[in-house]
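# Structure assessment
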Amino acid sequence: MAYAGEGRPGRSELALALRAAGAMSDGWADAFEAVPRSEFLPELMWPWDMAAGRSVAVSRSEEPERWLGYAESDCPVVTQWDDGAHVGTEPGEVATSSASMPSVVFRMLRDLDVRAGDRVLEVGTATGWNAALLAHRAGGGRVVSVEVDEGVAERARGVLEAFGSRVRVVHGDGFRGWAEGAPYDRVVGTCGLRRFPWAWVEQCRPGGIIVAPWGTHFGNGDGVVRLVVAADGRSASGRFTGPVEFMKLRAQRLPGVVHREYVRGSVAEGWESSTEVTEAEFLGGGRFGVQRFAVGLRVRDCLQVEAEKRDGARPVWFYGLRDRSWACVQFRDGEAARVWQYGARRLWDEVEAAYRWWAGNGRPGYDRFGMTVTPDGERVWLDEDQPGGWGGFLGTRGEFGGAGGGRVLPIQ
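Residues numbered from 1 in each chain as written. Predicted model: local features only at pLDDT ≥ 70, side-chain atom pairs only at ≥ 80, totals over all residues. Heavy atoms only, no water.

What follows covers the side chain of S103. Looking at the secondary structure, you find S103 in helix α4 (residues 102–112). Residue class for S103 comes out buried when judged on its relative accessible area of 7%. Within the structure, the side chain of S103 is placed 2.9 Å from the side chain of D74, a separation counted as a polar contact. Not counting the four nearest positions on each side in its chain, S103 is found in contact with L18, A23 and D74. (Helix = DSSP H or I, 4+ residues; strand = E, 2+ residues; numbered from the N terminus. Buried < 20%, exposed > 50% of the residue type's maximum accessible area, 1.4 Å probe, protein only. Polar contact = N/O pair within 3.5 Å; in protein donor to acceptor, adjacent residues only side chain to side chain. Contact = heavy atoms within 4.5 Å.)

In C-alpha cells:
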C-alpha cells in the first residue's frame, strides 16, 4: 500500500501547493514555515490514508519516515479515539480529536484575517498546532484556546510550552467561550456546530470576526461561516465560504440512530411511490455537495444516511429525529427510483421539495448562503438577510439536540 512517505513532497512543496490552490494567503506563509505541524503531533497517530480510504496507525519511533510523510501531507490526522477510552494501535470506534488538513486550517485562518496584536479566542485546542499558528501571527500572550477534554488540554499545554508558544490553554466548555479574556478581536471554532454559541458573539468586539463550521444534523458535513459582529454588538452576520467536515462540539453531538428502532420489518410496511430525481442529481458532489447542506436547512430534525452501491442499486435512508418516521429512496441505474415512507412525516416528500427549491433557485453554492446570529438563535438566508420578511431560516434552537423552542421559516 502506498503511503505519504513514499516520494513525499515535504513541507516546502506542500506550502507551494497550498498557495497555488488559494488555501494559504501570503500573510500566513511565514507562520507555516515557523510552526511545523509535525512538532504538535503525537508519537502514535492515525492519519487518513487517501489511497486506502481509511485511517491507519503510524508510530514515529517505529516508522519515522512514514510518520513524517503523513505529518507533512495535506491529510487529516486522528489523535484521539472514543474520548480517550481507546487503547491499542488499531483505530477506535469514533474519532474525537484530530489535526485538520493543512488546506482546511489555512483557509479558515485566511477567513479569520488575524492581525498582529489581535486578541484571539480559539475553541477546540486539539494538538495545539492551530493555536501556535495564531500566536505566531497575533503575538505571544494574545491567544486563549479552550479545550473540553482535560487530557487533550494538558498535552497541548505541554507541547505549546515546549515549542515556545505563549498560548493560554483553558480546560472548559468552549460553547461558553472564555469571558475572562474578552473582548476578543477574533474568535475561531475548530469543531462543528449545530447551534451557534451566543457567548462567542458577546465576547467578540464590535467589528470583530468569528469563523466556525456550522451545519444541521441532516449530515455530518459543515459549512464554514465568517461572521462580523455588528457595531451595537447585538448580532453577527456573514456568509459561508465553503464546505468542511469537523468533529462536532461534544455537547451537540447527534446520538446514534439505530436502524432497527425505525424499520422493524421490511420497507414494504411503508407507503410506496417513485421519484424522478436521479442519483446523480441528488448525490452529486458527494458528502460536500451543497445540495445536502441546502436540504438540511429546510428539512429539520432529519438524518440522511447513504448505503454502499451494490449491483447498480443504492438505498438512501432518512430518519426523523423527533419521532420514528423514516423514508428510503432506492436509486437504481437505468430505472426511476423507488421510494418508501413511514410514520407521521413523509420525509422523502419534504426532502424532494427542499431539493427542488434549491434547484429552482439556480443551484446556489455555499457563498450564496449566509447566517445572522442574535441572542434568540441563528437564521440562515439565501443571497441577503431580510429580517422583516424573513427571507431565510430562523433559529436552530428547536432542532434536535438544541435547547429552547426555536422556529423555522422557509425561504419564500
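Once that is clear, we can look at the environment of T96. When you line up the elements, T96 lands in strand β5 (residues 95–99). When its relative accessible area of 10% is taken as the criterion, T96 is described as buried. Among all residues touching T96, those that are not within four sequence positions of it are Q80, W81, D82, D83, G84, M247, R250 and R253.

The residue H86 is located in the loop between β4 (77–81) and β5 in this model. Using a relative accessible area of 18% as the deciding quantity, one classes H86 as buried. From its side chain, H86 meets the backbone oxygen of E90 in a polar contact 2.5 Å long. Contacts of H86, omitting those with residues within four sequence positions, involve W46, W81, P91 and G92.

The next subject is the sheet that holds strand β14 (residues 302–306). Here we have five strands laid out as an open sheet, ordered β13-β17-β16-β15-β14, and antiparallel in their pairing. The sheet is open, and its two borders are formed by β13 (271–275) and β14, each paired with just one other strand. Adjacent strand axes in the sheet meet at a mean angle of 20°, parallel and antiparallel pairs treated alike. Strand direction decides the pairing type here: β13 and strand β17 (residues 335–342), joined by five bridges, are antiparallel. The residue bridging E272 from the neighbouring strand is W340, located in β17. (Pairing = 2+ DSSP bridges. Axes fitted to C-alpha atoms, helices over the stretch in contact; angles between N-to-C directions.)

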